[in-house]
Amino acid sequence: MSAAVSSIREPLITGHKTYHDITEDLIGPTEKAPNFSWVVAFLLSVTLLSFGIFCLIWTFWVGIGSWNLNRTIGWGYDITNFVWWIGIGHAGTLISAILLLFRQKWRTGVNRAAEAMTIFAVMCAGLFPATHTGRPWLDFFMFPYPNTRGPLWVNFNSPLLWDLFAISTYFTVSLLFWYTGLVPDLASVRDRAKGVRRKIYSFVSMGWTGSAKHWQRHEYLSLILAGLATPLVLSVHTIVSFDFATSVIPGWHTTIFPPYFVAGAVFSGFAMVQTLMVITRKILNLNDYITLAHIESMNKVILLTGTIVGTAYLTELFIAWYSQYTYEQYAFFNRATGPYFWSYIGMMGCNLIIPQIFWWKKMRRNIWVTFLMSIFVNIGMWFERFVIIPTTLARDYLPSSWSYYWPSWVEIGIFIGTIGLFFVLYLIFCRVAPVVAAAEIKAILKTAGDQYVGENAKKQTHSHSH
Amino acid sequence: MKDQNKEVLYGLYDDDEILLDAVKQARENHLDIWDVFTPFPVHGLDPILGLAESRLHIAGFIYGAIGTAIAFFGMSWVFTRDWPIIFGGKPYWSVPAFIPVTFELTVLLCAIGMVVSFYIVNGQGFGVDNPTLDDRITDDKFCIAFQTNGKSESEIEKLRSFFSESGASEVNSKTI
Amino acid sequence: MNQYTFDSKLKTTLLAGIGLGVLCMIATWFADPAQIAEGHTHMRFWTNFLHNTVFFTGIAFISLFVLAAFTTAYAGWYVLFKRIWEAYSFFLIPGLILLLILGVGNITHFHHLYHWADAAEVANDRVLLGKSGFLNNTWYTGGTLVVVGLWIFFAMKLRSLSLEEDRSGTADYSIHRKIRIWCATFMPIAAFSSAAMIWLWVMSVDAHWYSTMFAWYSTASWFVSATALTILMLIYLKSKGYYTQVTEEHLHDLGKFLFAFSVFWTYLWFDQYMLIWYANVGEETIYFKTRIDQFPVLFYGNLIINFVLPFLILMRNTTKRKYGTLIFTSVLLFFGHWWDFFLMIKPGTLETAEHVAHMHAESSDHGDHGDHAAHAASSFIEGFTIPGLLEIGTFIGFLCLFLFVAYSQLAKADLIPLNDPYLEESTHHEVQQDLSGAGGHH
């Protein structure tokens, strides 16, 4: 291939793969019966999901009173979990879109799974606003449409409504982006399948033929969608941050919230991608496609975004003092030393301090450390939302209405249920579609395969010349 | 296309670089390629094939502009004409507050419009069963296809010899 | 031609430009508008001094930061012209000197740029008193010295390693690995320290006001300016026969950066504005209220120059590849972000100057002058509510000084770092190919 690749770059596909090997390795898993560990994981996830559904039904039956919200703290677990899931849902589009624009080739190894993860995470997130009223059958009130209730419109000035638009747009665009990318690979599955499977995959692959003109349009579409998704992904978490920052609550109203929330979202999203990738590459035996180089790159992004988030924490803290505004100062003092001090410690520890171990290359390339760290970051980012939401609300302007919030078993159950839902969907996805974008891997084989670049390639050309 | 069955003569190549050379050769010999099928987008193929630049982005711009207009003028109409309400001491026509929804609808309409246009111009859709020449095209084979309806024996022979010269690993014909 | 020669003709032109700047600055010294002249603050001169110093030092800083970020991200395409950013980063040295002049001025009070530097005022102002732990001369002067000194250290370190790479062979990448470590180390240091410096240099001009977004916002402004200046520099050097390997592919990518970061700047602008507008807290809204009411040309012009025009012009791929549109947009944005800093600095300092003039008037027993000063703010004041010719002249002077430093540095080494491991990728750079690894149109 004519493309010049620096020999300092590490290969992204190892094991001297041919095009056919790639098809076998990546399409193959959809054709085999699930192995034992998959079945166990699936059953476990379904159990969690069932408990979550039970808790949701309980909420609807008993009413929202089964949650531990009170007059002071009207936002608790529901919004915390919503923001946490939405944050996780940011990595997929980031990997597909921003890394594509920044020409980071390692994205091809993880983009498909990350996009799928995005969609599932947004589904989990959407569950909370949809159910937090306790009357999900009235959710259509949220949408603006000409109706029989008089000329009554939704409040377009409300950030909560912006959120509805942002999240439904994000979900739709992510779904389109993901599915459009998936179609050529589904055609690959179709062309290897027989009987009913062939019929099904023929239906879902939408008559893809691989014609040059189609590929040209396909690439064009992917590029434009990536270009659209980049500001979109920024806008979504920005709008989530507006939910808080447009208010006049000390600790919420601060202008850094939009970029800080976006960085945090990317941070937690990458952590979740790491969690999934470490497991997936092991179970589906994809070490040649999700290499240590991929893991290391993602760990670097985690370190980078973790440090950005840390900068934002310290900026907030400093400006709270600098503002000389008593309530603002107290809000931060309360976070660190108030009744929820443990969640502040969890946040600072997991998000700012612990990720610094990724300054060491050895740590970045260690699978176990990576996995453990990804869990830490997920926990830390959950704490961050918890710190922002109940901690701030618990200390009102009026000390007489100060309160304390701890979730009820129903709220915890719903959260567990969303984790179940997420993994059920992901596990099904692993079975029915290639988790690594096969066509994209083939496209970079000659610029990133280990027979073409990196240490092995050097040795080969060396031996050829003798 | 549907009224007439296509008779197609096609050759399969094992590698994208061989394919590129073959396409170049075909263009030099003024052979009229019907289509090229590949398992992944091959870099440098479009200019050799002489494919015109896609106009999808123009369509996208128009869809996006429609989204912008609907959202911005819609909200402006609702809050200044249809049912003006003051929220939080802000003016009826609160432009900064309209920006987020305007942006989201722009992106939404642009994305949906482009994806739908893409599948329509491609002749694709759920359940559409476009005939394929070979199952291995989505695996590791690269295919150049010529339409042979009404072509004389000698012309077809010329195509066959082109395939063997340009390094095709297999040559087949099919009616689709 | 890989060796740049800084010819005498260009030298003369730039020196003439610097001379023009000096003349304009001398003229500005005596050109304070009537309502603040009584305070003898020479505010127009000092704000221009601060404005241009911060703007150009920031460009030098952000060039270094971009170099570090790209190296850390394993980017390859920019390597051909990375020497330009190395050269830009050397303006940090004159930048430090200029900033120290301001710092000394805070101590000896030969300027009144900062309200908080006036001990008598601070003593009577609870908010400023509370802030005095940070808004003080130790942090301003000492902090500037340490932080910018540190940036200079990194700039010189990266430059010397880069030159060492030129001399050593290509066989092993040990020097490149060293560069990478220094770059990665610089990033968090730069992020924290630049924020603190921006608060001190620029945000504290409005001593009571604060915004956590402010540092991000100004940094984005610097970034767009630096990208614009890089594009102009590349096109100029190409026209002189240098950098023949730099093609429209590279310019296309720089154009994309220009476009993307103009949008990003707008995003930050909107976030900051919208949140303050929405929450409607008086202490915060005063910042925008002043600007909208008294500086409408600057305020709306800022958005038109820095968002609307570049957005419309650079939206198409073809305009990012043509010299004409690129030069036009780059000049526009470079000036536009200089304008943005003008808007950040002038309103606050004008208020301080009027305050000083007011005090002065009161002490010299002309009671009515105070009212006069308070009302003057809403009128049209050249050099404050809009840049006048003297401001443009000063801007040109500083730009010529910046370019003089940059060209001197460029002349000292090869224009293209021949032993950089990514050079090959950079010379074969094609926009479409790298985007998805395949396919493409031209």
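Residues numbered from 1 in each chain as written. Chains lettered and ligands numbered in written order. Predicted model: local features only at pLDDT ≥ 70, side-chain atom pairs only at ≥ 80, totals over all residues. Heavy atoms only, no water.

(A) Focus on the pattern of salt bridges. All names here are of chain A. Enumeration over the complete set of coordinates arrives at 34 salt bridges over all chains. The closest approach of N and O atoms between E10 and R365, which form a salt bridge, is 2.9 Å. A residue pair is termed long-range when its members are at least 10 positions apart, and E10 in the segment before α1 (19–27) and R365 in the loop between α13 (361–364) and α14 (367–394) qualify at 355 residues. Using a relative accessible area of 38% as the deciding quantity, one classes E10 as partly exposed. (Salt bridge = Lys/Arg side-chain N within 4 Å of Asp/Glu carboxyl O. Helix = DSSP H or I, 4+ residues; strand = E, 2+ residues; numbered from the N terminus. Buried < 20%, exposed > 50% of the residue type's maximum accessible area, 1.4 Å probe, protein only.)

(B) Focus on the environment of R431(A). Residues and elements named next belong to chain A. Tracing the backbone shows R431 in helix α15 (residues 409–432). Judged by its relative accessible area of 14%, R431 is buried. In contact with R431, not counting residues within four places along its chain, are P29, T30, K32, A33, P34 and W38. (Contact = heavy atoms within 4.5 Å.)

(C) Region of interest: the side chain of N378(A). Positionally, N378(A) belongs in helix α14. Those residues within four positions of N378(A) in sequence are excluded, and the remaining contacts are W84(A), I88(A), S268(A), A271(A), M272(A) and T275(A).

(D) Main features of α1(A). Listed as buried for α1(A) are Y19(A), I22(A), T23(A), L26(A) and I27(A). Taken down its axis, α1(A) places every buried residue within 100° of arc, on the same side. Buried positions along α1(A) lie against α6 (159–192) and α16 (438–448) of chain A together with α1 (16–28) and β3 (142–147) of chain B. (Arc of directions from axis to C-beta.)

(E) Region of interest: a nonpolar patch on the surface. There is a patch of nonpolar side chains on the surface, built from I58(B), F61(B), I62(B), I66(B), I70(B), Y300(C), I304(C), V308(C), L309(C), L312(C) and M315(C) and spanning about 980 Å² of accessible area. Broken down by secondary-structure element, the contributors of at least two residues to the nonpolar patch are α3 (56–82) of chain B together with α13 (296–314) of chain C. (Patch = residues over 30% accessible without salt bridge, like charges linked within 9 Å, V, L, I, M, F, W, Y side chains within 5 Å. Areas by Shrake-Rupley, 256 points an atom, 1.4 Å probe, with all protein chains shown as cover.)

(F) Here's a closer look at the sheet that holds strand β1 (residues 7–13) of chain B. All names here are of chain B. Read across the open sheet, the four strands follow the order β2-β3-β1-β4; overall the sheet is antiparallel. This sheet does not close on itself; its edge strands, each paired only once, are β2 (35–37) and β4 (170–175). For this sheet, the mean inter-axis angle between neighbouring strands, taken without regard to orientation, is 25°. The strands that α1 touches are β1, β2 and β3; relative to β3, the one it contacts most, it runs at about 25°. Each of β1, β3 and β4 is contacted by helix α5 (residues 153–166), which is oriented at about 10° to β1, the strand it contacts most. (Pairing = 2+ DSSP bridges. Axes fitted to C-alpha atoms, helices over the stretch in contact; angles between N-to-C directions.)

(G) Quick peek at the packing of aromatic side chains. Residue and element names in this part refer to chain C. Counted under the stated rule, the structure contains 132 aromatic pairs over all chains. Their ring planes at 10° and their centres at 5.1 Å tell us that W269 and Y273 sit as a pair that is stacked. Linking W269 with Y273, this pair stays in helix α11 (residues 248–279), spanning four residues, or about one helical turn. As far as burial versus exposure is concerned, W269 and Y273 are alike and both buried. Just above the ring of F259 sits the side chain of K320; from NZ or CZ to the centre is 5.4 Å. The ring centre of F384 lies 4.8 Å from the NZ or CZ of K346, which sits over that ring. (Phe/Tyr/Trp six-rings, centres within 6.5 Å; stacked < 30°, edge-to-face > 60°. Lys NZ or Arg CZ within 6 Å of the ring centre and 35° of its normal.)

(H) Structural detail: the interface of chain A and chain B. Listed per partner, the contact involves 57 residues of chain A and 61 residues of chain B. Approximately 5,500 Å² of surface area, both sides summed, lies buried where chain A meets chain B, with 66% of it carried by carbon and sulfur atoms. Between chain A and chain B we count four salt bridges in total. Only α1, α6, α7 (195–204), α8 (212–245) and α16 of chain A provide two or more residues apiece to the side of chain A that touches chain B. Among the elements that take part in the side of chain A that touches chain B, α8(A) stands out by supplying 18 residues, more than any other. In terms of residue class, the side of chain A that touches chain B is built from 31 nonpolar, 18 polar and eight charged. (Buried area = accessible area lost by both parts, 1.4 Å probe. Nonpolar A, V, L, I, M, F, W, Y, C, P; charged D, E, K, R; others polar.)

(I) Representation of the pairing of β1(B). Residues and elements named next belong to chain B. Among the seven residues of β1, six are classified as buried, and the element is accordingly described as predominantly covered. As paired elements, β1 and β4 share six bridges and run antiparallel to each other. Among the inter-strand pairings, G11 is bridged to a residue of β4, identified as V171. Bridging between β1 and β3 involves six bridges; their strand directions are antiparallel. Residue pairing for β3: G11 is matched across the bridge by I144.

(J) Focus on the environment of V453(A). All names here are of chain A. Structurally, V453 can be placed in the loop between α16 and α17 (454–465). In this structure, the C-alpha to C-alpha distance between V453 and P11, residues 442 residues apart in sequence, is 5.7 Å. For V453, the contacting residues outside a window of four places in its chain are V5, P11, T447 and A448.

(K) Region of the structure containing the domain arrangement of chain B. Per the domain assignment, the segments making up chain B are domain 1 (7–53 + 131–175) and domain 2 (56–121). Just the C-alpha atoms count here: the centres of domain 1 of chain B and domain 2 of chain B sit 46 Å apart. (Domains from an automatic or database assignment.)

(L) Structural view of unusual backbone geometry. All names here are of chain A. With a phi close to 45°, H16 is a non-glycine residue in the positive phi region. Residue position: H16 is located in the segment before α1. For H16, a relative accessible area of 39% corresponds to the partly exposed category.

(M) Structural context of the packing of helix α10 (residues 214–239) of chain C against helix α16 (residues 389–410) of chain C. Residue and element names in this part refer to chain C. Viewed as axis vectors pointing N to C, α10 and α16 meet at an angle of 55°, and their least axial separation amounts to 13 Å. Between α10 and α16, the angle falls in the class oblique. Here the hand of the crossing between α10 and α16 comes out right-handed. Between α10, through L229, M233, Y236 and L237, and α16, the contact on the second element is made entirely by L399, F402, L403, A406, Y407 and L410. Residue composition of the contact of α10 with α16, grouped by class: ten nonpolar, no polar and no charged. (Parallel < 35°, antiparallel > 145°, perpendicular 65-115°, else oblique. Left-handed = near helix turned anticlockwise from the far one by under 90°.)

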